Amino acid sequence: MNTRPLLACLFLFSIAGSTLAAEPQSGDFLRDIAPILSQNCIACHNAKKAEGGLSLESHKAVLAGGDSGAAVIAANVDEGTLIERVTSEDDPMPPEGNSVGAKRLTSEQIELFRRWIAAGAVGPVEGAGQNLQWQPVPQGLQPVYALAASPDGNHLAFGRGGLVSVTRQVSGTEETPLTQPLIDPATKQTLGTESAAYSATHLDIVQSLAFSPDSGRLATGGYRTVKIWRKKTEPTHSLSGLSQPTGLSAISPDGRWIAQSFGDHVLEITDRQSGRAQRYLTTHSAEVTALAWLATPPRLVSADRAGQVALTDIVSDLVESIPLPNGLVCQSLQRIDDARLLVIDDQRRLHVAQISLDEATGKRSFATNEIAGFETVAATAVTQPTPNQAVIAQADGKLKLVSLPEFNIIREIGTPTGIQTVEISTSGGLIATLPTSGPAQLWKAGTGELHASLNQDPTHTRLLATGAGNVARQKSWIETLAAKIPELQTAANQEVEATKKVQELRDKAAEALAVKVNEVAMATTGVTEAEAAVAAAEAAVAEAMKQVEAKKAELEAKRSALAETEKQKMAADAELAKRDQALATATDSSQRAAAKIPAWEGRVAEEKSQLTNLETEFAAVQARVPATDQPTALTFTPDGKQLAVTHGDQRLRIYSTETGKPVAGLELPSAGVALVSTENQGLVCLSNSGVVQSWDLQFPWELERTIGGFEESPFSDRITALDFSPDGKLLAVGSGPPSRYGDIKLIDTTTGEVAVDLGEAHSDTVLGLQFAPNGRMLASGGADKLCRVFDVATGKLHRALEGHTHHVLGVAWKDDGQTLVTSSADTTLKVWDVESATQKRTIAGFSKEVAAVQFVGNTSELVVASTDGTARLYNADNGQQVRVFGGASSVLYTVALSAENSQVYSGGQSGQVWAWQLLDGKHLSTIP
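No experiment lies behind these values; they were computed from the predicted model shown.

Caption draft 1: The overall build of the protein chain, seen in detail. When helices and strands are counted, the protein chain shows eight helices and 56 strands. Against the compact-globule benchmark of 30 Å for 928 residues, the protein chain has a radius of gyration of 42 Å, which places it well outside the compact range. Expressed as lengths along the three principal axes of its C-alpha atoms, the size of the protein chain is roughly 180 × 80 × 45 Å. The buried share of the protein chain, reckoned over its 928 residues, is 49%. When the 80 basic and 107 acidic side-chain charges of the protein chain are each reduced to a single mean position, those positions are 3 Å apart.

Caption draft 2: Structural context of the sheet that holds strand β32 (residues 662-667). Here we have four strands laid out as an open sheet, ordered β29-β30-β31-β32, and antiparallel in their pairing. Every interior strand has two partners, whereas the edge strands, β29 (631-636) and β32, have only one. Put simply, the sheet's adjacent strands are angled 20° from each other on average, direction ignored.

Caption draft 3: Here's a closer look at the pairing of strand β54 (residues 903-908). Of all six residues making up β54, six are buried, and the element is well covered by its neighbours. With burial as the criterion, each face of β54 is covered, one bearing Q903, Y905 and G907 and the other bearing V904, S906 and G908. Hairpin connection, strand β53 (residues 892-897) to β54: the antiparallel pair is bridged by five residues, and N901 has positive phi, about 55°. Examined bridge by bridge, β54 and strand β55 (residues 913-917) share five bridges and lie antiparallel to one another. Residue pairing across strands places V904 opposite W916, the latter belonging to β55.

Caption draft 4: Focus on the pairing of strand β18 (residues 340-345). Among the six residues in β18, six count as buried, and that is most of the element. With five bridges connecting them, strand β17 (residues 330-335) and β18 associate as antiparallel partners. Residue S332 lies in a different strand from β18, and its bridge partner there is I344. Connecting β17 to the antiparallel partner β18 that follows it, the hairpin turn spans four residues. When β18 meets strand β19 (residues 350-358), the two strands line up antiparallel, connected through five bridges. Across the sheet, the residue bridging to L341 is A353, located in β19. Where β18 folds back on β19, the antiparallel hairpin that results is connected by four residues, among which R348 adopts a positive phi of roughly 65°.

Caption draft 5: Just the pattern of salt bridges, in detail. For the coordinates displayed, the defined rule picks out 24 salt bridges. The salt bridge partner of R230 is E704, with a shortest N-O separation of 3.9 Å. Here E704 lies in strand β36 (residues 701-708) and R230 lies in strand β7 (residues 225-231), a separation of 474 residues in the sequence. Take R230: its relative accessible area is 17%, and that puts it in the buried class. Salt-bridge contacts for E658 lead to K641; the nearest nitrogen and oxygen are separated by 3.2 Å. Linking E658 in the loop between β31 (651-656) and β32 with K641 in the loop between β29 and β30 (642-647), this pair joins segments that are 17 residues apart in sequence. The class of E658 is partly exposed, set by a relative accessible area of 37%. Within the structure, one salt-bridge network assembled from shared partners comprises R217, R230, E234, E702 and E704.

Caption draft 6: Representation of the sheet that holds strand β27 (residues 440-444) in the model. Spatially, β25-β26-β27-β28 is the arrangement adopted by the four strands of the open sheet, whose pairing is antiparallel. Each edge of the open sheet carries a strand with a single partner, namely β25 (419-424) and β28 (450-454). Each adjacent strand pair in this sheet contributes to an overall mean axis angle of 20°, direction not counted. As paired strands, β27 and β28 are joined by four bridges and run antiparallel to one another. Residue pairing in the sheet places L442 in a bridge with A452 of β28.

Caption draft 7: Fine view of the nonpolar core. If you look at the biggest cluster of nonpolar residues, it comprises 23 residues, and the most contacted ones within it are L37, V72, F113 and W116. Residue assignment for this core shows that the elements contributing at least two residues are α2 (29-40), α4 (81-87) and α5 (107-118). Look past the residues within four positions of F113 in its chain and what remains in contact with it is I33, I36, L37, L82, I83 and L105. Core analysis: the next-biggest nonpolar cluster, separate from the first, contains 17 residues, A290, V309, C330 and I355 among them.

Caption draft 8: Structural context of the environment of S165. As for its placement among the helices and strands, S165 is situated in strand β3 (residues 163-168). In sequence terms S165 and E575 are 410 residues apart; their C-alpha atoms lie 77 Å from each other.

Caption draft 9: Here's a closer look at the side chain of E268. Tracing the sequence through the fold places E268 in strand β11 (residues 266-271). Overall, the relative accessible area of 5% leaves E268 in the buried class. There is a polar contact of 3.3 Å between the side chain of E268 and the side chain of S243. Among all residues touching E268, those that are not within four sequence positions of it are S243, I258, A259, Q260, F262, A277, Q278 and R279.

Caption draft 10: Fine view of the environment of I269. Among the secondary structure elements, I269 is positioned in strand β11. With relative accessibility at 4%, the residue I269 sits in the buried group. C-alpha separation for the pair I269 and A259, spaced ten residues apart in sequence, amounts to 4.4 Å.

Caption draft 11: Spotlight on unusual backbone geometry. Note the cis peptide between M93 and P94, where omega equals -5°. Within the secondary structure, P94 sits in the loop between α4 and α5. Residue P385 is bonded to the preceding Q384 through a cis peptide linkage, with omega at 10°. Looking at the secondary structure, you find P385 in the loop between β21 (377-382) and β22 (389-394). Although it is not a glycine, A75 sits at a positive phi angle of roughly 70°. With respect to the helices and strands, A75 occurs in the loop between α3 (59-64) and α4. Taking relative accessible area as the criterion, A75 reaches 56% and is therefore assigned exposed. Positive phi values are uncommon outside glycine, yet T376 reaches one of about 45°. When its relative accessible area of 41% is taken as the criterion, T376 is described as partly exposed.

Caption draft 12: Examining the packing of aromatic side chains more closely. For the structure on display, the rule yields five aromatic pairs. With a centroid separation of 4.9 Å and an interplanar angle of 70°, the aromatic rings of Y145 and Y893 are classed as edge-to-face. Separated by 748 residues along the polypeptide, Y145 in the loop between α5 and β1 (146-149) and Y893 in strand β53 bring together distant segments of the chain. When sorted by exposure, Y145 lands in the same class as Y893, which is buried. Ring centres 5.5 Å apart and planes at 40° place the aromatic pair F846 and Y874 in the tilted group. Placement of the pair is F846 in the loop between β48 (838-843) and β49 (850-855) and Y874 in strand β51 (residues 871-875), with a sequence separation of 28 residues. Each member of the pair F846 and Y874 is classed as buried. A cation over a ring is seen here: R279 above F262, with NZ or CZ 4.8 Å from the ring centre.

Caption draft 13: Inspection of the confidence of the model for the protein chain at higher detail. On average, residues of the protein chain carry a pLDDT of 84, and 92% of them reach 70 or more. The low-confidence segment residues 126-130, where pLDDT is below 50, has five contacts with residues more than four positions distant or belonging to other chains.

Caption draft 14: Structural view of the environment of A755. When you line up the elements, A755 lands in strand β40 (residues 754-762). In sequence terms A755 and I251 are 504 residues apart; their C-alpha atoms lie 50 Å from each other. Setting aside anything within four residues of it in sequence, one finds A755 in contact with L730, L746, I747 and D748.

Rules used in this analysis
Residues numbered from 1 in each chain as written. Predicted model: local features only at pLDDT ≥ 70, side-chain atom pairs only at ≥ 80, totals over all residues. Heavy atoms only, no water. Helix = DSSP H or I, 4+ residues; strand = E, 2+ residues; numbered from the N terminus. Rg over C-alpha atoms; globule rule 2.2 N^0.38 Å. Buried < 20%, exposed > 50% of the residue type's maximum accessible area, 1.4 Å probe, protein only. Lys, Arg positive; Asp, Glu negative; His and termini not counted. Charge placed at Lys NZ, Arg CZ, Asp CG, Glu CD. Pairing = 2+ DSSP bridges. Axes fitted to C-alpha atoms, helices over the stretch in contact; angles between N-to-C directions. Salt bridge = Lys/Arg side-chain N within 4 Å of Asp/Glu carboxyl O. Core = buried A, V, L, I, M, F, W, Y, C linked by side-chain atoms within 4.5 Å. Contact = heavy atoms within 4.5 Å. Polar contact = N/O pair within 3.5 Å; in protein donor to acceptor, adjacent residues only side chain to side chain. Phe/Tyr/Trp six-rings, centres within 6.5 Å; stacked < 30°, edge-to-face > 60°. Lys NZ or Arg CZ within 6 Å of the ring centre and 35° of its normal. pLDDT = per-residue confidence, 0-100.

See the structure below:
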């Protein structure tokens, strides 16, 4: 049994409230009668399939009756046929053992019908649809019917009941990441709930989700409604009008205060909260050479070329000047804690500075101690907030990881170029470097190995991968098409040879007929002569009675011979006609076989033209190499999971420190960055144009557009399937009222309007949709047991794939664009060749419905989810099971793969989401 659609339908009947809860006196058609008809009658009595001429899908249709007369007569319970049939024991309706799962009406339901009819069988008043009393999804019914992983590898979205949540794709090496619920306040208003804790994405259970190819948008499906959510990458706060940086910059640990140096000795400190700036003109008399912040209380440490250090207390506005010992000039200051700093002097030597307070005098001193073993130091970094390790970068490119406070060398790492800037993650596990030339780099502190070179732009990387995939796929398809031309030529040659043989047989038949014609002529002559002889013999009857008898016998014999010969001639005529027909058929077949070759060659030429276009597009993408080789600043996020890197092209890029791949690209107001820093889960950046911007690195999702609604909508029913086209320009939406029809619409993602309406593509609800990898075809699966493939450009049906004996629940294209896999409630998977519309194989072995299927990248492996509580890995080429992902505690309905195809995700009836490692099936985590 197809559990997911049935549960969804049952919930639909609850949106108007419990049928019997209020014990209505007269019954309400929308609230009390229509749900019962929908559940038990409309499958066989609707506008498309009106058995007995009776439709029950609307109040008007119910009153119209059918072939047997009126179904309902207002105020007369006993006259109409409806009550008679639903109460009949001899010929009940619905009939026992029906194929749609309809059940006999209960006594309570029949009593509702009686009260409604007795009260006049009143229908819904105009606008009654606006008064539907929606109920919140029950807390006990929170299944995960929909699950999607973003292509960029960053997000995992899942629907639990009526709420969609977005979290980070888990790797098994971290605790359950933060989860953001997508809340639409309009749903709460519609529900009218006073619960402050209640929140939802849709009014009912979410059954479909889809990420856009660029991972920037998420489509969610509800009842007659699609909502588009956008990942917000704009700054959450922007402060402009600051002095344009000309010297050094530093930001306080809490992210509130920004210090800048100007000219020879001027300092300016800006409060980001108020936007006010305070200039300090006399703190230094010489050029400022280094800046650093102490945390508690917030104090700025500044050093100048004259060997002076100043401590500026932001709260008291007190400035203390301290001379450095031995005329030391600081080139760099790095906070260890609020009492210690790492100092690089103008000779590139390393020191530890201790800030002390003399209780007697109330003055602070700045004592330094040179650390031996470090020469030509270029940059330093300290683990925060626990300063137990530091990394020392030398000008020659050598990195030294040391323990604090001992400065014992833990590991040395040799890099190929000099280092400008270095950062270390909170855990000390990763080191980021900004070389003097080339891209920023990530190093594994534990092994000294290069982890990643950060030279990718997220958009450019995605377009490169997409372009390369399109070109490779098109080349493979052309090779497949071209390989068939010799087969067609061979077939045409075989048809020619077959035609020759048919011609030979026809010629032999003509020769045989000619012989028979001659024999008939000779036999006819014999008969004529015999008849003349008989006439002569009869004239001389008296003389030769015996001759007459003899001649008569001879005449009969010759007549018999003539009849046999004529019979043989007729057979020869028939044989010749048969051979003429065979020759005509063979000639036509030969001509058609020969005609296929130029048609196929034309098709190959068209595909080659398409390949040329794809190669041109790909070359253009390759030519647009972003300026990612000019990094200017970098910083780790507090959790160490991401690294922010600024470049000279007005872009700030966020990289995953796990994969080294870009997560997001952020626009800056101008080229050049004075500083970049992180605060909690935020990012702060000061541009050279004097603008401070901050971002929420969780990149929250916001509602961008709502298409449709439960009152007016281009969609007929629940949105049960969603998929973005590979170029992101179209969103395929599948819906349809159960047992009536399934409709598919293609939405223009720019306008939100219906771009293509495929109409009633199925005779039952659409349950699965997926665009082909090249975007030219769309596959759909429905509750009518069919998979259909449509041409996206024309909207016409391309192929119909028949073979399943129950609902088709999922569809998945292989990367080659020619192989399609369908999963079904008949407990099988079927692998199809789309070009020939033939089954390649059936994969059985499931004890329950196969609810969802997805190919693993561009391989032949596919992951499936079954309502038996297991996710599995299969090889579509041979139908063999590769692995079982066990441990789920309930029925599974949906499956998804991480962008790197390293993790498998699945969700089900319990409302939990499970994650496994694809390689070995290891359970990684469970999202409760």
